[in-house]
Amino acid sequence: MASQKSNSDTLQQLKAVVRRFPLVPVHGVPLMEPIAQQWARVENFEARPDDLVVVTYPKAGTTWIQEIVDLILANGDTEKTRQAPTQVRMPFLEYCVPPPFPSAIDRLADVPSPRVMKTHLPFQLLPKSLLEKNCKIIYVARNAKDNLVSYYFFDQMHLMQPDPGPWDGYVKKFMEGKVPWGSWYDHVQRYWEERENHRILYLLYEDMKEDLAREIRRVKDFLEVDLPEDIVQTIAHQTSFQVMKDNPMANYDTVPDFIFDRTKSSFMRKGEVGDWKNYFTVAQKEAFDADYLHKMKGTTLHFRDVL
Ligand code: A3P
């Protein structure tokens with residue numbers, strides 16, 4: 001009874017601080033105001049050598065790879081992974097809402113090793129300690145147009161992200177990197193280059209859609225976890241779109257409606273490759289492609305079905 005009351009008090013307190021936060025540049029990268037306000041704490045985050053970091057540009061399949069990693073580390077035991085929602089199992093390094101709520105940095109200090117965390121930070125903003133301690137990083141990139149469409153719907157539903165505004169303007173904002181966590185183009189290319197210098201496993205959303213078991217094997221090899229093939233197959237099943245969509249511990253069902261407006265979109269929206277074709281006009285596609293070729297010129301990073 002008492003805990004029910006404190007739960008509802010916490011929700012009321014949370015409701016009071018929820019709003020669409022403005023973007024504030026941090027070393028030139030637009031981040032939500034509360035993150036910018038606690039930036040010194042993020043920058044000075046103390047890594048441990050066995051920390052594992054899942055990194056993505058927002059909406060590239062973060063939750064998907066988190067579920068895969070957690071199941072690999074749990075040897076496919078869903079009883080373990082279904083004990084808590086994604087955001088509790090893997091703290092979101094830089095994320096915070098205004099006080100009195102503890103930030104992920106506060107929570108991470110109490111997490112026993114080995115810790116797994118998620119971040120959307122571009123490479124140049126990663127806390128130095130993570131690189132000095134040579135922590136393993138798993139990066140997932142998704143083709144720009146599908147990533148953009150997914151972000152557009154997410155920004156509508158997530159009532160702490162800036163309002164995406166109308167579709168046409170949003171396409172421009174994305175191209176200019178004027179969205180939370182900045183430029184998609186810089187993000188995906190920089191980690192691609194840095195994979196040569198650090199322990200970075202670089203995955204593509206489209207490859208995961210093509211052959212999930214193959215990509216799970218790459219992850220488990222990178223993590224040096226020995227798993228028999230039947231467990232790999234179990235993990236592939238457990239992390240299929242539909243099973244995750246039905247799993248309240250992996251689909252963000254636990255986030256209250258005053259933060260996720262589910263009348264706008266669902267978190268597990270479509271999970272497809274090429275959905276952008278349903279939204280881009282011919283003119284938008286042409287402008288986007290010309291700009292894309294310019295920004296991605298010279299990179300060896302290639303996405304399929306993107307132009
Ligand atoms: P859509 O909006 O295109 O459906 P993130 O976790 O980085 O926020 O990314 C969310 C996107 O990944 C959403 O894309 C979501 O549907 C998709 N996604 C999540 N789990 C998935 C899965 N198991 N298979 C395919 N896509 C998945």
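Going by the structure above, here's the rest.
This section reports on the structure supplied with the text. Please read all numbers here as calculations on a predicted model, not as lab measurements.

## Quick word on the sheet that holds strand β5 (residues 136–141)
Consideration 1: Across the sheet, 4 strands lie side by side as β4-β3-β5-β6; this open sheet has parallel pairing. The sheet terminates laterally at β4 (116–119) and β6 (200–204), the two strands that pair on one side only. Between one strand axis and the next, the sheet turns through 20° on average, direction left out of account.
Consideration 2: Pairing of strand β3 (residues 52–56) with β5, which is carried by 5 bridges, proceeds in the parallel orientation. In the strand pairing of β5, Val-54 is matched with Ile-138.
Consideration 3: Strands in contact with helix α4 (residues 62–73) are β3, β4, β5 and β6; relative to β3, the strand with the most contacts, it is inclined by about 160°.
Consideration 4: Packing of helix α11 (residues 184–194) onto the sheet brings it into contact with β3, β5 and β6, and relative to β6 it is tilted by some 135°.

## Topic: the nonpolar core
Consideration 1: Ranked by internal contacts, the top residues of the largest apolar core, which has 103 residues, are Val-69, Ile-138, Trp-184 and Phe-288.
Consideration 2: In contact with Val-69, not counting residues within four places along its chain, are Leu-52, Val-54, Met-90, Val-116, Ile-138, Val-219 and Leu-223.

## A closer look at the packing of aromatic side chains
Consideration 1: For the structure on display, the rule yields 31 aromatic pairs.
Consideration 2: Just above the ring of Trp-276 sits the side chain of Lys-145; from NZ or CZ to the centre is 4.1 Å.

## Some thoughts on the site of the ligand
Consideration 1: As a matter of local geometry, the ligand sits amid 18 residues, with Thr-62, Thr-63, Ser-150, Tyr-205 and Lys-270 nearest to it.
Consideration 2: In the model, an oxygen atom of the ligand is placed 2.3 Å from a nitrogen or oxygen of the Thr-62 side chain.
Consideration 3: Backbone polar atom of Lys-270 to an oxygen atom of the ligand: 2.6 Å apart, as the coordinates give it.
Consideration 4: Burial of the ligand by the surrounding chains reaches 97%, relative to a free accessible area of 570 Å².
Consideration 5: Every element with two or more residues in the shell around the ligand is listed here: α4 and α15 (241–245).
Consideration 6: Broken down by element, the residue count for the shell around the ligand peaks at 3 residues, all from α4.
Consideration 7: Split by residue class, the shell around the ligand holds 7 nonpolar, 7 polar and 4 charged.

## Quick notes on the pairing of strand β1 (residues 23–26)
Consideration 1: Where β1 meets strand β2 (residues 29–32), 4 bridges bridge the pair, whose relative direction is antiparallel. For Val-26, the partnering residue across the bridge sits in β2 and is Val-29.
Consideration 2: Between β1 and β2, which pair antiparallel one after the other, the connecting turn spans 2 residues, and His-27 there sits at a positive phi close to 45°.

## Structural notes on unusual backbone geometry
Consideration 1: Geometrically, the link from Pro-99 to Pro-100 is a cis peptide bond, its omega value of 15° lying close to zero.
Consideration 2: By the secondary structure assignment, Pro-100 is in the loop between α6 (86–89) and α7 (104–109).
Consideration 3: Cis geometry is adopted by the peptide bond preceding Pro-114, which originates at Ser-113 and carries an omega value of -5°.
Consideration 4: Mapped onto the fold, Pro-114 is located in the loop between α7 and β4.

Here is what the cut-offs are and how they apply
- Residues numbered from 1 in each chain as written.
- Predicted model: local features only at pLDDT ≥ 70, side-chain atom pairs only at ≥ 80, totals over all residues.
- Heavy atoms only, no water.
- Pairing = 2+ DSSP bridges.
- Helix = DSSP H or I, 4+ residues; strand = E, 2+ residues; numbered from the N terminus.
- Axes fitted to C-alpha atoms, helices over the stretch in contact; angles between N-to-C directions.
- Contact = heavy atoms within 4.5 Å.
- Core = buried A, V, L, I, M, F, W, Y, C linked by side-chain atoms within 4.5 Å.
- Buried < 20%, exposed > 50% of the residue type's maximum accessible area, 1.4 Å probe, protein only.
- Phe/Tyr/Trp six-rings, centres within 6.5 Å; stacked < 30°, edge-to-face > 60°.
- Lys NZ or Arg CZ within 6 Å of the ring centre and 35° of its normal.
- Near = heavy atom within 4 Å.
- Polar contact = N/O pair within 3.5 Å; in protein donor to acceptor, adjacent residues only side chain to side chain.
- Areas by Shrake-Rupley, 256 points an atom, 1.4 Å probe, with all protein chains shown as cover.
- Nonpolar A, V, L, I, M, F, W, Y, C, P; charged D, E, K, R; others polar.

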